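Understanding the architecture of this molecule
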Amino acid sequence: MLGVETMGFNILKHELVPYPKILSYKEIKKLLKDYDIQKEQIPKLLITDPFARAIGAKEGDVVKIIRKSITAGISVAYRLVVSSER
Amino acid sequence: MIMETNTPKKIAGMKFGILSPSRIRKMSATRIITPDTYNEDGFPITMGLMDPHLGVVEPGLRCKTCGQQVGKDGCNGHFGHIELAMPVIHVGFVKTIRDILRSTCRRCGNLLCEDSEKKDFLREYDEHIERDRSLTEFVKKVLGKSSNVKECPHCGRQKLVVELDKPTTFREAGHKLTPSEVREWLEKVSETLGNDLRLLEIDPKSAHPEWMVLTVLPIPPVCTRPSITLESGERSEDDLTHKLVDIIRINQRLQENRDAGAPQLIVEDLWELLQYHITTYFDNQTAGIPPARHRSGRALKTLAQRLKGKEGRFRSNLSGKRVNFSARTVISPDPNISINEVGIPIEIAKELTVPLRVTAHNIENAKELIQRGPNPVPPKGRIYISGVNYVKRKDGRRIRVTYNNAMDVAERLEIGSIVERQLDDGDIVLFNRQPSLHRMSMMAHRTKIMPYKTFRVSLSVCPPYNADFDGDEMNLHILQSEEAKVEAEILMKVQEHILSPRFGGAIIGGIHDHITGCFLLTIKKRKLSLGDTIQILSSINYTGDIKKGMTGKEIFSTILPKELNLRYRAQACMNCDTCLEEKCPYDSYVVIENGELKMGVTDGKSVGAFKGKIIETIAHDLGLEAASNFIDKVTKMGIAAISIVGFTTSIDDEDIPEEANMQIEESLSNAKKKIDQLVRAYNNGELETIPGRSLEETLEMEIMRVTGQARDATGEIASKHLGMDNSAVIMARSGARGSMLNLSQMAGCVGQQAVRGERIHRGYQHRTLPHFKKGDLGAAAKGFVSSNYKKGLKPSEYFFHSMGGREGLVDTAVRTSRSGYMQRRLINALENLKVENDGTVRTTGNVIIQFRYGEDGIDPTRSVRGDAVDIDKVIKEMI
Ligand SMILES: [Mg+2]
Ligand SMILES: [Zn+2]
Ligand SMILES: [Zn+2]
Ligand SMILES: [Zn+2]
């Protein structure tokens, strides 16, 4: 896991890159309960994605993404970090 | 029979492989040796193409392999096979064969790379599998590396260039490889590489490279290629059978010639012919060879053609099917019909039926219905009354009701039977116009049976269907179950779609003359005679009091709901620098208080489709029922009003006085002078460049600006002389049809023609047309049309105009086909998504796509132009 230091440019500072947060075990549990889902039902984020590398996400992590939205102002989404496309 | 449990199962995987020759022989019911099908007596020949071992088509006959008859649970037919005299390349695999030949050694069959590198590849491969990654890129890398080697690292054989001469000929360093040689090579490869074949994405358990060269050909069962008997008693064979006959015939000749030791040349010719026939048997549109044709000259439909494209199995039989209980005919307008209705020709109504389940409550009714028979005579004063076509009894038998047996069938009607009643007024049906691009392309209507042969449609539903009446046809579907009817009523009725999910505004509303009519009725303080007032109000079945000398605004107010309070600028608003609001000199500020039109003219912005404020507000605040009523009434009132005032437009609407023409000419010659100045400045190098632009670009931009201004200026002059007494102007200003730009192009000047957003440059050397001097950069030489449509264009102007027009046509053609395909892919990807009760958007597998629908969770149809609440309005109402 690389982390943002090893990249030439800090993509997290870019305006179009959303604000990330890696969820704790407890938070994941609450998320799964709130939506009544299994972990696999969360949308995926490839571990090779520059964004995932920048925040140093590990396989199995769930990332909370807060971003600007045209319709809602601020929108929250979650991504499950995976190592393959399937 | 034991019923199988119908629990849904998840498909874990799917595996594709290539049939091996031994596998083909093993699954074959019989070997086929003769190209003939039937003998003189009409019986299938054994070991011929119609051998009963391959299954039977006629019901009653028994299959010679399994002994069963055709049918759902019976025999589906069995494959046969033919032994090919010489091997033949399978067209479907030529690319794979080419890749293998390029990356392997012909002598030893090994991959053309060092053992160490191979080891690395294998490790990388396993890693990919472990991580479940796509192999496409990896295989490309392996192929790229190993086909760039000069000699084999294992046996030292020089690597020669392998080329594929499409469709099926391989050459090594220019020398032709026969399919036998290719097959030997591939055999060596699978022998040497074994399990390492996986580096080329081949699983040796399910496919060997040499199986891509055919030695045995499977013959599909008879039921895949049934022959049809014509009325004359003549048999007509399927295209596939024709093709197979060709294959077997050539195969036989090849065998005979080879066995008889015929010259090499003849054998090779026949071999190539066999290759051709087998190639076209798989795909008759293979590039590089002429398609095999029927005796009539029609190209044969072989295996690939059965599956491919719009008419193929997938798109025509699996993704879409033909349906019963549907009708299609030309549509035509009916200004008196409600938006929720559709007019149906009597002929169609008599053919289409609605199932009526007989219960204790309706049995008497049903009996009376059946007694009418299939062709009831309508009672006096009506043009149609529905009869009954069939009665479906409880035991499943369908009885056709005729004039003669109607009484009898009615008498013996039982509870639980189903009566197939003809369509009647008020049935709910689905109505659709292709292309079905959005959900409003298919809406539910109530039927209204009418004379003549077209579907009758309200003009207000033309925008959502994108329909006009230049010959458009539409489809009708009759709902067959109670659930479907209720669902359609609640979700699909036209009034449920007045507000568009695209922008939250009304998509159904007045068009063209409806808008002009309302405009003419409510403009300024138009007073109507008592007669006219009654005429207009009777068109909407008005029941209130009528006063003498009502103004148009008062008449219009009769259809406004009492709760309505609105203030907005009308379409006719001139967008003055500071809006005078109530004191607008053009009567373009609309004020509605408690359902009374106090001031302002009602036009496109009030009652039109896409922008009608009144419709939108009623739909939001008072419900869709009220909105649909309002649309029905306002359109009828508009038509009544325009009929009284009278309205027409013609070419003399674009007449302007001579002095105006002179002004226009002067303005144009000024523009020309300006352009000449610019060109001169450019030629003398005095033109100042715009930052970031070249000198040429600067000149072009400046000229485009001047030509644009010139056109606007002429438009302004022209429109000064075209007042509100002019029909064309009324239509443009009220938003009914046309624009002021259209008018200024007709009366003023057409303006600069552009191709690819630039002035016209292409044509002859250094000039666009031979009418101009070489190097002329002036206005006329580069596509400025200073004439107007009414006066007519000069020949050179006409040419430039056509260039611009052609670009427009090509653009729309390209755009529609491309956006259509994009739409198809999007719909296929998104069609199963659903908004769940918790607001998430999920797939059928319950995987979340969006955590909140549209990120804000708002249904755009229930929104105010996209926003959840109209805060301004709420505040206004509070005060
Ligand atoms: Mg049309
Ligand atoms: Zn059988
Ligand atoms: Zn070798
Ligand atoms: Zn104004």
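Shown above is the structure to which this text applies.
Heads up: these notes are all about the structure in this document. The shown structure was predicted, so the numbers you read here are calculated from the model rather than taken from an experiment.

1. Thoughts on the overall build of chain A
Broken down by element type, chain A carries two helices and four strands. Mapped from its N terminus to its C terminus, chain A presents α and β elements in the order β-α-β-α-β-β. Taking all 86 residues of chain A together, 41% fall into the buried category. Nonlocal contacts in chain A, meaning residues at least 24 apart in sequence, comprise 55% of its contacts between residues at least 6 apart. Accessible surface, chain A as shown: approximately 5,600 Å² in total, 57% of it carbon and sulfur.

2. Quick look at the packing of aromatic side chains
All told, the structure shown has eight aromatic pairs over all chains when counted by the stated rule. Ring centres 5.5 Å apart and planes at 55° place the aromatic pair B:Y281 and B:F282 in the tilted group. One exposure class covers both B:Y281 and B:F282, and it is buried. Relative to B:F800, the ring of B:F772 lies with its centre 6.2 Å away and its plane at 20°, an arrangement referred to as stacked. Taken together, the residues span a long stretch of sequence, with B:F772 in the loop between β23 (758-759) and β24 (784-785) and B:F800 in helix α25 (residues 795-830) at a distance of 28 residues. We classify B:F772 as buried; its relative accessible area is 13%. Members of the aromatic cluster, joined through ring pairs, are A:Y35, A:Y78 and B:F851. Positioned above the aromatic ring of B:Y38 is the side chain of B:R235, whose terminal nitrogen or guanidinium carbon lies 3.8 Å from the ring centre. Its guanidinium or amino end placed over the ring of B:Y390, B:R398 lies 4.0 Å from that ring's centre, counting from NZ or CZ.

3. A closer look at the nonpolar core
Residue and element names in this part refer to chain B. Formed by 72 residues in total, the largest nonpolar core has its most connected members in L476, F556, I614 and F630. Looking at which element gives the most residues to this core, the answer is helix α20 (residues 624-645), with nine residues. Those residues in contact with F630 that sit more than four places away from it in its chain are F556, I559, L560, V607, I614, I615 and I618. Counting residues in each nonpolar core, the second largest holds 33 residues, with F170, L199, I202 and V213 among its members.

4. Considering the coordination of the zinc ion (ligand 3)
Residues and elements named next belong to chain B. The protein atoms that coordinate the zinc ion (ligand 3) are C105 (SG), C108 (SG), C152 (SG) and C155 (SG), at distances of 2.2 to 2.3 Å. Considering all four donor atoms around the zinc ion (ligand 3), the spread of angles at the metal, 103 to 119°, places the coordination shape in the tetrahedral class. Each donor residue of the zinc ion (ligand 3) belongs to the same chain, with the gaps between them written as C-x2-C-x43-C-x2-C. With C108 in the loop between α2 (94-103) and α3 (115-131) and C155 in the loop between α4 (136-146) and β2 (162-165), this residue pair connects regions lying 47 residues apart in the sequence. Residue classification places C155 among the partly exposed residues on the basis of a relative accessible area of 28%.

5. A closer look at the sheet that holds strand β11 (residues 388-392) of chain B
Residues and elements named next belong to chain B. Within the open sheet, the four strands sit side by side as β10-β13-β11-β12. Their pairing is antiparallel. The open sheet has two edge strands with one neighbour each: β10 (353-357) and β12 (398-400). Taking the axes of each pair of neighbouring strands and ignoring which way they run, one obtains an average angle of 25° across the sheet. Alignment of β11 against β12, held across three bridges, turns out to be antiparallel.

6. Notes on the sheet that holds strand β27 (residues 848-850) of chain B
Residues and elements named next belong to chain B. Strand order in the open sheet formed by three strands is β25-β26-β27, with antiparallel pairing between adjacent strands. One side of each edge strand has no neighbouring strand; the edge strands of this open sheet are β25 (834-835) and β27. In this structure, strand β26 (residues 841-842) lies alongside β27, joined through two bridges in antiparallel fashion. Residue pairing in the sheet places V841 in a bridge with Q850 of β27.

7. Overview of empty space enclosed by the protein
A probe matching the size of a water molecule, rolled over the atoms, marks out where space remains unfilled. All names here are of chain B. If you walk through the whole model with that rule in mind, you get two cavities of 30 Å³ or more. Taken as a whole, the largest cavity encloses approximately 50 Å³ of empty space. If you trace the largest cavity, you find it lined by D334, P335, I337, I339, S458, L459, S460, H514, D632 and T635. A per-class count over the lining of the largest cavity returns four nonpolar, four polar and two charged. Here the lining of the largest cavity spans two domains, and each of domain 2 (326-497) and domain 3 (513-645) adds at least three residues to it. Its volume calculated, the second largest cavity comes out at about 30 Å³. If you go around the second largest cavity, the residues you meet are L19, S20, P21, I24, W211, V213, L214, T215 and V216. Among the secondary structure elements, those contributing two or more residues to the lining of the second largest cavity are α1 (21-27) and β5 (213-219).

8. A closer look at the interface of chain B and chain A
With 15 residues of chain B at the contact, the number on the chain A side is 20 residues. Between chain B and chain A, roughly 1,400 Å² of surface is buried when both sides are summed, and carbon and sulfur atoms account for 49% of that area. Looking at the side of chain B facing chain A, the largest losses of area belong to B:D132, B:F851 and B:E855, adding up to 44% of the total buried there. Inspection of the region where chain B meets chain A yields one salt bridge. The closest approach of N and O atoms between B:E855 and A:R67, which form a salt bridge, is 3.9 Å. Along the contact surface separating chain B from chain A lie five residue pairs in polar contact (both at pLDDT 80 or more).

9. Overview of the pairing of strand β14 (residues 428-432) of chain B
All names here are of chain B. Counting buried positions over the five residues of β14 gives five, a clear majority of the element. Every second residue of β14 is oriented toward a common face, with I428, L430 and N432 on one face and V429 and F431 on the other, all of them buried. Of the strand pairs in this sheet, β14 and strand β15 (residues 442-450) are connected by five bridges, and their pairing is antiparallel. Bridge pairing in β15 places V429 opposite H445. Pairing analysis gives four bridges linking β14 to strand β17 (residues 473-478), with the strands arranged antiparallel. Within the sheet, the bridge partner assigned to F431 lies in β17 and is L476.

10. A word on the packing of α2(B) against helix α5 (residues 179-193) of chain B
Residue and element names in this part refer to chain B. Packing of α2 against α5 leaves a shortest axis separation of 11 Å and a crossing angle of 65°. Compared by their axis directions, α2 and α5 come out roughly perpendicular. Seen from above, α2 lies across α5 with left-handed handedness. Across the interface between the two elements, I97, I100 and L101 from α2 touch V182, W185, L186 and V189 from α5. The residue makeup of the contact of α2 with α5, split by class, is seven nonpolar, no polar and no charged.

11. A closer look at the environment of B:R759
All names here are of chain B. Mapped onto the fold, R759 is located in strand β23. Linking R759 and P501, residues 258 residues apart in sequence, is a C-alpha distance of 40 Å. If near-sequence neighbours (up to four positions away) are discounted, R759 is found in contact with E700, I703, M704, Q752, Q753, L777, G778, A779 and K782. Polar side-chain contacts of R759 include one of 3.0 Å to the side chain of E700.

Definitions and limits used
Residues numbered from 1 in each chain as written. Chains lettered and ligands numbered in written order. Predicted model: local features only at pLDDT ≥ 70, side-chain atom pairs only at ≥ 80, totals over all residues. Heavy atoms only, no water. Helix = DSSP H or I, 4+ residues; strand = E, 2+ residues; numbered from the N terminus. Buried < 20%, exposed > 50% of the residue type's maximum accessible area, 1.4 Å probe, protein only. Contact = heavy atoms within 4.5 Å. Areas by Shrake-Rupley, 256 points an atom, 1.4 Å probe, with all protein chains shown as cover. Phe/Tyr/Trp six-rings, centres within 6.5 Å; stacked < 30°, edge-to-face > 60°. Lys NZ or Arg CZ within 6 Å of the ring centre and 35° of its normal. Core = buried A, V, L, I, M, F, W, Y, C linked by side-chain atoms within 4.5 Å. Donors = N, O, S within 2.8 Å, 3.2 Å for Na, K, Ca; no water. Tetrahedral: all angles 85-135°; square planar, octahedral: opposite > 155°, others 65-115°. Pairing = 2+ DSSP bridges. Axes fitted to C-alpha atoms, helices over the stretch in contact; angles between N-to-C directions. 1 Å grid on protein atoms, 1.4 Å probe; cavity = no way out; pocket = protein on both sides within 12 Å on 5 of 7 lines; lining within 4 Å. Points joined across faces, edges and corners; volume = space filled by probe spheres on them. Nonpolar A, V, L, I, M, F, W, Y, C, P; charged D, E, K, R; others polar. Domains from an automatic or database assignment. Buried area = accessible area lost by both parts, 1.4 Å probe. Salt bridge = Lys/Arg side-chain N within 4 Å of Asp/Glu carboxyl O. Polar contact = N/O pair within 3.5 Å; in protein donor to acceptor, adjacent residues only side chain to side chain. Parallel < 35°, antiparallel > 145°, perpendicular 65-115°, else oblique. Left-handed = near helix turned anticlockwise from the far one by under 90°.

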